[in-house]
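Each chain, letter by letter, is given below.
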Amino acid sequence: MRYPTALVALIRELGRLPGIGPKSAQRLAFYLFDQPEHDVRRLADAIRDAKASLDRCPVCYNVMTRGEPSCAVCSDRQRDRSLLCVVEQPADVLAIERSGEYQGLYHVLHGALSPMNGIGPDQLTIPALMARLDSDTIHEVILATSTTVEGEATAMYLAKQVGEGRVEVSRIAYGLPMGGDLEYADEVTLGRAISHRRPL
């Protein structure tokens, strides 16, 4: 059986979203088809409005409202301007902010190094990061990239590049979740928890 052209196009476009495979795209397409037209229009309007009204911060490359001079974090004078946390995506900024433990600035790379996929330093915001480090105000760079192969490679590359200057470089620690049992932890997580232990 052949699906109508419009449905095939919708499934194809939904399948291009990160984390959405062919089956999920098909399920979402049929879900949207079954929804009232005003709900689908509201979703379409929200997507269109977000694309039209959002931009990248010219300082840290986080998401911001178009027309503003910088994002909410960069424009907050209460932030510690000696700390700079480097993350892969804007969603990582939100995750760290939810912790309430960090009060410094950010720099969003918009990806991770992946030579096999043709992603090098110039495809990310690494040149802009290096330019920011010329400022006398930044004293420590915290590398908060993911634990994937690409994330680790990016952290190692940045540590080498940044470490050549006078800025201190640190990497976020990875360990066990609060309330977790040791017997359920995987070997890599448990190994990192042991190797990154700290005195009490």
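Preceding block: the structure.
Treat the numbers as computed from the prediction; the structure is a model and nothing was measured. (Residues numbered from 1 in each chain as written. Predicted model: local features only at pLDDT ≥ 70, side-chain atom pairs only at ≥ 80, totals over all residues. Heavy atoms only, no water.)

Undergrad: What is the right way to look at the pattern of salt bridges in this model?
TA: It is possible for side chains of opposite charge to pair when their charged atoms get near one another. Tallied over the full model, the rule gives seven salt bridges. For Glu 37, the salt bridge identified is with Arg 41, shortest N-O distance 2.7 Å. With a gap of four residues between them, Glu 37 and Arg 41 both fall in helix H3 (residues 37-53), about one helical turn apart. Looking at Arg 41, the relative accessible area reads 51%, which means it is exposed. Among the ionic pairs, Arg 66 bridges to Asp 55, the shortest N-O distance being 3.7 Å. Here Arg 66 is found in the loop between strand E2 (63-65) and helix H4 (72-75), whereas its partner Asp 55 is found in strand E1 (residues 54-56), with 11 residues between them in sequence. Residue classification places Arg 66 among the partly exposed positions, given a relative accessible area of 45%. For Asp 55, a relative accessible area of 34% puts it in the partly exposed group. (Salt bridge = Lys/Arg side-chain N within 4 Å of Asp/Glu carboxyl O. Helix = DSSP H or I, 4+ residues; strand = E, 2+ residues; numbered from the N terminus. Buried < 20%, exposed > 50% of the residue type's maximum accessible area, 1.4 Å probe, protein only.)

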